[in-house]
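Structural characterization, general
Residues per chain are reported as follows:
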Amino acid sequence: MEEIRVRIAPSPSGNLHIGTARTALFNYLYAKKTGGKFILRIEDTDAERTSQAYIDNIFDSLKALGLNWDEGPDVGGPYGPYTQSERFDIYPKYVQELLDKGFAYECFCTPEELEAEKEEATKNKKAYVYSKKCENLTEEEKAKLRAEGRKPAIRFSVEKAQKAFHDTPIVHFEDLVKGDLHQDTSLIGDFVIMKSNGSPTYNFAVVIDDMLMKINTVIRGEDHISNTFKQILIYEALGAEIPKFGHLGMILAPDRSKLSKRHGATAVSEFVERGYLTDALINFVALLGWSPSDGEEIKTVDEIAKDFRIHEVSSSNSIFEYDKLNWMNGQYIKKLELKDLAERLKPYLKKYDLNELTEEQYLHMVEITREPLTLLSDITDAVEYFFGEYPTIDKEVQETVLDTETSQTVLKEVLNRIDGWDFNNLHEILEEFRGYFKEQGIKPKLTMWAIRAAVTGRTRGADMCGILEILGKDKVKARIQKVVK
RNA sequence: GCCCCCAUCGUCUAGUGGCCUAGGACACCUCCCUUUCACGGAGGCGGCAGCGAUUCGAAUUCGCUUGGGGGUACCA
């Protein structure tokens, strides 16, 4: 069988979008599954919106997600260049070929004329289709228009291509995920393939690039379905082999609209900044439209690749909900080695002076605070009381815990005993201490609450023994003294 | 407006005419564990959009309706 060649072709007009990441993933999975090649092509035709920062972001994000490409702008490959703006000189040749074969023609219409046609169509409740008024211009007419200073755009003759290669105007193709798809090509206007400024349009450039890069399978979002029919006609007109297409459902926001900034993060890098692990992100996004055959949802990309079948991908849209992503991120955090986690948490601890702790204490702190983490960034708030002399005490904690007679009794007793406590043996000491008060009718829970509130300013948090150990006797004593009346 | 796509718990999904009294995961609720929060464990709530048709039999096939999404550019 022919080697599968798939690609992801992001447009660097923004940071790598989570939806693009999913498309990239499915391409990657298909390549891995079939032993094919995964290619990265940067579609920076629109110079206005392109920036190097976005290109870097796309590279970095894809790498962070583990979606490494076999051919691309940085690593090269046999069919480069892989950046569209560097390919501008190769398009005219194919435009000329289409012109010569009669599948394309020059169009001198002005934007105003085109606009008028569209308005007319809207008024008549008809689909707008270009009038083709430039299709049969004589050489004299063209020369005259050119003399006026008008520069032509090149349009593709949909009807001619259709008639040359299809019996009916209804063009079909077998989509890898959606099955038979069709479209009445008489409803497609003669679209521009080369703008009057000489740059190719998207629909033309992709075909040329995919053709030249020998891309034989195109997996992309279903927003491209309508483009597919245009592209098929171009392939045929060029006498090129038509690739297989697979269209994925879109990812929607919870309100079923397009995922955008107002719904929160959209770029992979934003998710990372917010404390998501790329492993969790990619795993989550794989589950949008695909499900594992063994029901085990936590999987690496490689494991997913083994189990991946493009035909089994769901053809409907899916909604991006944070609940499951958060849960999954928590699962991935749990799986991290302590030292690895400790390193990854550092960016979220910049507001604290980590020098207050030894490396050993730092690791210990992470060890006892890691359990409830859903996001790496949750650590920021979770460890606040480990830093500084005294913790900030919540008003409610002060009133409901520290101000009670029971708490004061407990804390005074701690101060009575603390000098004799061996902080290396806190577990037993606290056990005994709780027992002492339990005999007096004070619940262990209340005993611990009093200490916790005094030392951390909170009623909830990490394991008490660990907290006291890390803080050390002096600090613990000082903090308790401060709240005892 | 026109064209196309899609439709199973709140969400992601399993399901390809009888194994379905529709399964799982997340979320939610209850209980257990417990020095708190959490983790973990055990339960629970909850769905085939509607209507017709085909069939002995339909979540599964067909049609219509409704709903959602996409496209409709000299953007990509």
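Structure's up top.
Residues numbered from 1 in each chain as written. Chains lettered and ligands numbered in written order. Predicted model: local features only at pLDDT ≥ 70, side-chain atom pairs only at ≥ 80, totals over all residues. Heavy atoms only, no water.

On a plain count of helices and strands, chain A comes out with 21 helices and eleven strands. For 485 residues, the compact-globule estimate of 2.2 N^0.38 gives 23 Å, and chain A exceeds it by more than 25% at 32 Å. Along the first, second and third principal axes, the C-alpha set of chain A runs to 105 × 50 × 40 Å. Pairs at least 24 residues apart make up 76% of the contacts formed inside chain A by residues separated by at least 6 positions. Of the roughly 23700 Å² of accessible surface on chain A, a fraction of 49% belongs to carbon and sulfur atoms. For chain A, the separation between the mean place of its 65 positive charges and that of its 81 negative charges on side chains is 2 Å. (Helix = DSSP H or I, 4+ residues; strand = E, 2+ residues; numbered from the N terminus. Rg over C-alpha atoms; globule rule 2.2 N^0.38 Å. Contact = heavy atoms within 4.5 Å. Areas by Shrake-Rupley, 256 points an atom, 1.4 Å probe, with all protein chains shown as cover. Lys, Arg positive; Asp, Glu negative; His and termini not counted. Charge placed at Lys NZ, Arg CZ, Asp CG, Glu CD.)

Right, let's get into the pairing of strand β8 (residues 217-221). With respect to burial, β8 is a largely interior element, five of its five residues being buried. In this structure, β8 lies alongside strand β9 (residues 244-248), joined through five bridges in parallel fashion. From the neighbouring strand, I219 faces β9, where its bridge partner is G246. This β-α-β element, β8 to helix α8 (residues 225-237) to β9, shows right-handed connectivity. (Buried < 20%, exposed > 50% of the residue type's maximum accessible area, 1.4 Å probe, protein only. Pairing = 2+ DSSP bridges. Right-handed = clockwise from strand over helix to strand, strands pointing away.)

The subject of this paragraph is the protein's contact with RNA strand B. In the region of RNA strand B, 62 residues are neighbours, and K195, L287, G289, G461 and D463 sit closest. Backbone atoms, meaning sugar and phosphate, form 74% of the atoms of RNA strand B found within 4 Å of the protein. Taking E222, its side chain carries an N or O atom lying 3.5 Å from a sugar or linking oxygen of RNA strand B. The separation between a phosphate oxygen of RNA strand B and a polar main-chain atom of I319 is 3.0 Å. Elements with a contribution of two residues or more to the surface near RNA strand B: α4 (111-123), β4 (153-156), β6 (179-184), α8, β11 (318-319), α12 (322-335) and α19 (444-456). With five residues, α12 is the largest single contributor of residues to the surface near RNA strand B. In terms of residue class, the surface near RNA strand B is made up of 20 nonpolar, 18 polar and 24 charged. (Near = heavy atom within 4 Å. Polar contact = N/O pair within 3.5 Å; in protein donor to acceptor, adjacent residues only side chain to side chain. Nonpolar A, V, L, I, M, F, W, Y, C, P; charged D, E, K, R; others polar.)

Before going further, it helps to examine the sheet that holds strand β7 (residues 192-194). With respect to topology, three strands assemble into an open sheet ordered β3-β4-β7, the strand pairing being antiparallel. A single partner strand is all that each edge strand has here, and the edge strands are β3 (104-107) and β7. In this sheet, neighbouring strand axes are inclined to one another by 45 degrees on average, regardless of whether the strands run parallel or antiparallel. Bridge count for β3 against β4 is four bridges, and the pairing is antiparallel. The partner of E106 across the bridge, within β4, is I154. (Axes fitted to C-alpha atoms, helices over the stretch in contact; angles between N-to-C directions.)

All right, on to helix α21 (residues 473-483) then. Inspection of α21 places K475, V476, R479, I480 and V483 among the buried residues, and these make up the whole buried set. Projected onto a plane normal to the axis of α21, the buried residues spread over an arc of 130 degrees and lie on a single side. Turned more than 90 degrees away from the buried face of α21 sit D474 and K482, all of them exposed. On its buried face, α21 is in contact with α16 (395-402), α17 (405-417), α19 and α20 (464-471). (Arc of directions from axis to C-beta.)

One finds F386 and I451 to be the most contacted residues of the largest nonpolar core, which totals 109 residues. Sort the elements by how many residues they give to this core and helix α1 (residues 18-34) lands first, with nine residues. Apart from the residues within four sequence positions on either side, F386 is in contact with E356, M365, I368, T369, I467, I470, L471 and K475. Counting residues in hydrophobic clusters, the runner-up holds 37 residues, among them V158, F204, I232 and L238. (Core = buried A, V, L, I, M, F, W, Y, C linked by side-chain atoms within 4.5 Å.)

With that out of the way, let us pick up α20. Most of α20 is tucked away, with seven of its eight residues classed as buried. When we look at burial in α20, the residues that qualify are M464, C465, G466, I467, L468, I470 and L471. The residue sitting at the N-terminus of α20 and contributing the capping side-chain oxygen is D463; that oxygen lies 3.4 Å from the backbone nitrogen of C465.

Here we come to the pattern of salt bridges. With the rule as written, the count across this model stands at 38 salt bridges. Across the salt bridge formed by R7 and D210, the nearest N and O atoms sit 2.7 Å from each other. Of this pair, R7 sits in strand β1 (residues 5-8) while D210 is found in helix α7 (residues 202-212), placing the two residues 203 residues apart along the sequence. Here the salt bridges do not stand alone but share partners, grouping R7, R41, E43, R87, D209 and D210 into one network. (Salt bridge = Lys/Arg side-chain N within 4 Å of Asp/Glu carboxyl O.)

Let us look at the side chain of E43. Assignment of secondary structure puts E43 in the loop between β2 (37-40) and α2 (52-64). Among all residues touching E43, those that are not within four sequence positions of it are A9, P10, S11, P12, Q84, Y202 and V206.

Another aspect to go through is unusual backbone geometry. A cis amide bond, omega -5 degrees, links G80 with the succeeding residue P81. Considering the arrangement of structural elements, one finds P81 in the loop between α2 and α3 (91-101). A positive phi angle, close to 60 degrees, is found at K214, a residue other than glycine. Mapped onto the fold, K214 is located in the loop between α7 and β8. Look at K214 and you get partly exposed, because its relative accessible area is 46%.

Interhelical geometry of α1 versus helix α10 (residues 278-286) gives an angle of 75 degrees and a closest axis separation of 10 Å. If you check the angle between α1 and α10, you find them roughly perpendicular. Side by side, α1 and α10 meet where I18, R22, L25 and F26 of the first sit next to L281, I282, V285 and A286 of the second. A breakdown of the residues in the contact of α1 with α10 according to their chemical character gives seven nonpolar, no polar and one charged. (Parallel < 35°, antiparallel > 145°, perpendicular 65-115°, else oblique.)

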